[in-house]
Amino acid sequence: MQFNNDFAFDLIVGQMAEKELAAVLQDKRIEVKSDKLAHKTGNVFVEYESRGKRSGIATTQADYYCFEVKGTYILISVPRLKIIARKHIGTDKDIRGGDENTSKGILLPILDLLNA
């Protein structure tokens, strides 16, 4: 897109983006995850098992996951998130966590979400 120092033009471009986002989210299920440590660690925890049973990303009915990190929201489609997370199965990013470490999940770098 070409640089333009015209507020009216910028407003139109912004309104078009708002309509695009509304169309993407219309009638979609969104699961919001708030990660209290992500801003310090640079990672979000993507759970796939809890207490020996599939859970989290493995069982979600959501179309999108939304990670809230200190008031910033990162929205990603569940199919895309699964592709990114699967790359870390069996690596040092595949860890135990959650309450009393009874869950398994991927410690996913926020940069992986942003570069998806």
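Scroll up to find the structure.
First, a word on scope: everything that follows refers to the structure included in this document. The structure presented is a predicted model; accordingly, all values stated were derived computationally and were not measured.

Rules behind the numbers
- Residues numbered from 1 in each chain as written.
- Predicted model: local features only at pLDDT ≥ 70, side-chain atom pairs only at ≥ 80, totals over all residues.
- Heavy atoms only, no water.
- Patch = residues over 30% accessible without salt bridge, like charges linked within 9 Å, V, L, I, M, F, W, Y side chains within 5 Å.
- Areas by Shrake-Rupley, 256 points an atom, 1.4 Å probe, with all protein chains shown as cover.
- Salt bridge = Lys/Arg side-chain N within 4 Å of Asp/Glu carboxyl O.
- Helix = DSSP H or I, 4+ residues; strand = E, 2+ residues; numbered from the N terminus.
- Buried < 20%, exposed > 50% of the residue type's maximum accessible area, 1.4 Å probe, protein only.
- Phe/Tyr/Trp six-rings, centres within 6.5 Å; stacked < 30°, edge-to-face > 60°.
- Contact = heavy atoms within 4.5 Å.

1. Comments concerning a nonpolar patch on the surface
Among the surface-exposed residues, Leu21, Val24, Ile30, Val32, Tyr73 and Leu75 lie close enough to one another that they form a single nonpolar patch of about 530 Å² accessible area. The set of elements that each furnish at least two residues to the nonpolar patch consists of helix H1 (7-25), strand S1 (30-34) and strand S5 (72-77). Within the element layout of this structure, isoleucine 30 appears in strand S1. On the basis of relative accessibility, which here comes to 38%, the residue isoleucine 30 falls in the partly exposed class.

2. A few points about the packing of aromatic side chains
Between two aromatic rings, the relevant description is the distance of the centres plus the angle of the planes. For the coordinates displayed, the defined rule picks out 1 aromatic pair. Here the aromatic rings of tyrosine 65 and phenylalanine 67 are separated by 5.8 Å at their centres, their planes lie at 65 degrees, and the arrangement is edge-to-face. With respect to burial, tyrosine 65 and phenylalanine 67 carry one shared label: buried.

3. Focus on the side chain of histidine 88
In this fold, histidine 88 is placed in the loop between helix H3 (78-86) and strand S6 (94-97). Ignoring anything within four residues of it in the chain, the contact list for histidine 88 reads Lys93, Asp94, Ile106, Leu108, Pro109 and Asp112.

On their own, these measurements won't tell you what the molecule is for.
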